[in-house]
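One-letter residues, chain by chain:
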Amino acid sequence: MRHTKVKDLLNSSSTLHEVNAKGWVRTFRNNQFIALNDGSTINNIQCVVDFENTADETLKRITTGAAVSVTGTLVESKGAGQKFEIQVSKLEILGDSDAEKFPMQPKKHSLEFLRENAHLRVRTNAFGAIMRVRSVLSFAVHSYFQEKGFVYVNTPIITGSDAEGAGEMFKVTALPFDNTPRTEDGKVDYKEDFFGKETNLTVSGQLEGETFAMALGQIYTFGPTFRAENSNTSRHLAEFWMIEPEVAFNDLNDNMDLAEDFIQYVIKYTMDKCQDDLKFLEGRLLEEEKSKPQAERSEMALLEKLNFVLENNFKRVSYTEAIDILRDSTPNKKKKFNYIIKEWGADLQSEHERYLVEKHFKCPVILFDYPANIKAFYMRLNEDGKTVRAMDILFPGIGEIVGGSQREERFDVLVEKMRALGIDEEELWWYLDTRRFGSAVHSGFGLGFERLVLFVTGMTNIRDVIPFPRTPMNAEF
Ligand code: ATP
Ligand code: MN
């Protein structure tokens, strides 16, 4: 007999004569009630064991963590909180679990402890919920772009250009570490390496994405991205997933519209599909916040916060306006910021971004028109000659979630900028070709998928929204 998912059993429209369910025991109470979970939903199904007719030996093996198969009748539950339960007629232990040693005891564990047990933490309610939400969110990403006619492009993970400029890179090499081939002047001879040149793991698919946008019109990437920055923060991973749409003929305003519409769509999609999980995560967050001082608690519960993002436009503010606001802000005047904002041109730190979003505007903010010299070479220079058509989207609790821009489409301006920054034109010959042949206004952005998952799940550490996080000094599993 084929087993039925717990989710389908709980949603059944009627009682059923014979059903089979397979899953893992969450708890076993009074030698009679199994709370069974199979990952299809956050909800467990209660399985009532006929303990009088079950061998003691078998009952002893029904422990938290054990894999079991139960066959029986789906009946209306007399207990509170569930519509149906299974009256078990046949019980089979598929895999025992040492109750004493199983790390995922039915009690509250710290997130740190769970991180050390990332292979088992997915068996908890919270991580089951987070990973289901993550899955639905990623499908929503594809759904949005596919509905709009974007082409999904898989840009290379091993990149031959080190000029992407977005961050420190991990080298990819097949050269031996001892006895490394050297050039005459003692440098590593990459001509002897696998690709005959220096290669790295990608920090962004944008430059390759742009070449495709210049033929297919609207494209997006959604893939793994690597940054070797030693930034041990709650918002940075060494390996993360990035979504990068790139659209021909879009200017910066179109780019902002796209980003806003996209984010609202995927959040709405996920709220519709993940009601039980989000309700659970909302409760988890409320519980967690109780231990924080009043001033640090968020003003809105999770679902309210998500709805707020759906119902309100993101506030669009120029960098120059933002600097004025920050300069006049109380934490700046009282020197509460670690980096005091003195003048126009300062790079914004996450403390400033969060002040703007959480204290000043109290809604998602799109900052645009940044000083050219704190942004990447490919961003379009404004007529003022000192700002570029960049945009960063800032979210409450997260800080930067999106970084994007209108791209410099003018060959001469781009080359001049590259020269000024010492970026090798020869190496990016293929990128420059997009400006040589049929160049046009175009724009795009990068959204860090895990930061989006953070926002939607209400989690606060990025290590808790990816299955097996890679961070400095940590690549277990
Ligand atoms: P930050 O200033 O937060 O380090 P960034 O400006 O270096 O980010 P971009 O190069 O603009 O990031 O990348 C686009 C998006 O990718 C960011 O807005 C963010 O959502 C995400 N992102 C960047 N670096 C990381 C990282 N190390 N881990 C997870 N997400 C990241
Ligand atoms: Mn950025």
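Below, the structure is looked at part by part.

Cut-off values and rules
- Here the residue index of a chain counts from 1 through its sequence in written order.
- The lettering of chains begins at A and the numbering of ligands begins at 1, in the order of writing.
- It should be noted that, the model being predicted, local features are given only for residues of pLDDT at least 70 and side-chain atom pairs only at 80 or more, the latter also being counted only at that level, while totals for whole chains, interfaces and linings use all residues.
- Side-chain numbers here rest on the full set of heavy atoms in the structure, without hydrogens or water.
- We define a salt bridge as a contact between a side-chain nitrogen of Lys or Arg and a carboxyl oxygen of Asp or Glu at a distance within 4 Å.
- Secondary structure elements are taken from DSSP: a helix is a run of H or I of four residues or more, a strand is a run of E of two residues or more, and numbering for both begins at the N terminus.
- Each residue is assigned to one of three classes by its accessible area relative to the maximum for its type, calculated with a 1.4 Å probe on protein chains only: buried under 20%, partly exposed between the two thresholds, exposed over 50%.
- Stacked, tilted and edge-to-face are the three classes assigned to paired rings of Phe, Tyr and Trp, where Trp is represented by its six-membered ring and a pair needs centres within 6.5 Å; plane angles under 30 degrees give stacked, over 60 edge-to-face, the rest tilted.
- Lysine and arginine charges are scored as sitting over a ring when NZ or CZ, respectively, is within 6 Å of the ring centre and within 35 degrees of the ring normal.
- For two strands to be treated as a pair, DSSP must find no fewer than two bridges joining them.
- A fitted line through C-alpha atoms serves as each axis, taken over the contacting stretch for helices, and the angle formed by two N-to-C directions is quoted from 0 to 180°.
- An angle below 35 degrees is treated as roughly parallel, one above 145 as roughly antiparallel, one from 65 to 115 as roughly perpendicular, and anything else as oblique.
- Whether two residues are in contact is decided by their heavy atoms, any of which lying within 4.5 Å being enough.
- Residues are grouped as follows: Ala, Val, Leu, Ile, Met, Phe, Trp, Tyr, Cys and Pro are nonpolar; Asp, Glu, Lys and Arg are charged; all remaining types, including Gly, are polar.

### Observations regarding the pattern of salt bridges
Pairing between side chains becomes possible if they bear opposite charge and their charged atoms approach one another. Here the structure, examined in full by the defined rule, presents 28 salt bridges. Measuring nitrogen to oxygen at the nearest pair gives 2.8 Å for the salt bridge that ties Asp257 to Arg316. Of this pair, Asp257 sits in helix 7 (residues 252-273) while Arg316 is found in strand 12 (residues 315-318), placing the two residues 59 residues apart along the sequence. Classification of Asp257 by relative accessible area gives partly exposed; the value is 41%. Glu383 is paired through a salt bridge with Arg380; the nearest N and O atoms lie 3.6 Å apart. You can call Glu383 exposed: its relative accessible area is 69%. Judged by relative accessible area, which is 11%, Arg380 ranks as buried. Each of Glu210, Glu246, Arg407 and Arg435 takes part in salt bridges that share partners, so that together they form one network.

### Regarding the packing of aromatic side chains
In this structure the tally under the stated criterion is 22 aromatic pairs. Here the aromatic rings of Phe262 and Phe445 are separated by 6.4 Å at their centres, their planes lie at 45°, and the arrangement is tilted. In this pair, Phe262 sits in helix 7 while Phe445 sits in strand 16 (residues 442-448), placing the two residues 183 residues apart along the sequence. Exposure remark for Phe262: the relative accessible area of 0% places this residue in the buried category. Assessed through its relative accessible area of 1%, Phe445 is described here as buried. Counting every residue linked through ring pairs, the aromatic cluster contains Phe139, Tyr144, Phe145, Phe150, Tyr152, Tyr220, Phe262, Tyr265, Tyr269 and Phe445. Lys375 extends its terminal NZ or CZ atom over the ring of Tyr370, reaching a point 4.3 Å from the ring centre. Note that Lys386 overlies the ring of Trp344, its terminal NZ or CZ placed 4.3 Å from the centroid.

### Looking at the pairing of strand 5 (residues 84-95)
Of the pairings in the sheet, the one linking strand 3 (residues 45-48) to strand 5 comprises 3 bridges and is parallel in character. By the bridge assignment, Cys47 is partnered in strand 5 with Ile86.

### Points about the sheet that holds strand 8 (residues 171-172)
Either a parallel or an antiparallel arrangement is found when strands of a sheet pair, and the pairing is made through backbone hydrogen bonds. The strand order across the open sheet formed by 3 strands is 7-9-8, and the pairing between neighbours is antiparallel. In this open sheet, the two strands that pair with only one neighbour each are strand 7 (158-159) and strand 8. Of the strand pairs in this sheet, strand 7 and strand 9 (residues 199-201) are connected by 2 bridges, and their pairing is antiparallel. Across the sheet, Ile158 pairs through a bridge with Leu201, a residue of strand 9.

### Quick look at the packing of helix 9 (residues 302-311) against helix 15 (residues 449-457)
Direction vectors running N to C along helix 9 and helix 15 enclose 120°, while the axes themselves pass 8 Å from each other. One way to sum up the angle between helix 9 and helix 15 is to call them oblique. Of the residues in helix 15, those touching helix 9 at Leu302, Lys305, Leu306 and Val309 are Phe455, Val456 and Thr457. A class-by-class count of the residues in the contact of helix 9 with helix 15 yields 5 nonpolar, 1 polar and 1 charged.

### Thoughts on the pairing of strand 16
Most of strand 16 is tucked away: 7 of the 7 residues are buried. Taking every second residue as pointing to the same face, both faces of strand 16 are buried, with His442, Gly444, Gly446 and Gly448 on one and Ser443, Phe445 and Leu447 on the other. Judged from the 5 bridges that link them, strand 11 (residues 239-248) and strand 16 form a sheet pairing that is antiparallel. The residue bridging Val247 from the neighbouring strand is Ser443, located in strand 16. Across 5 bridges, the pairing between strand 15 (residues 399-406) and strand 16 is antiparallel. What sits directly across from Gly403, in strand 16, is Gly446.

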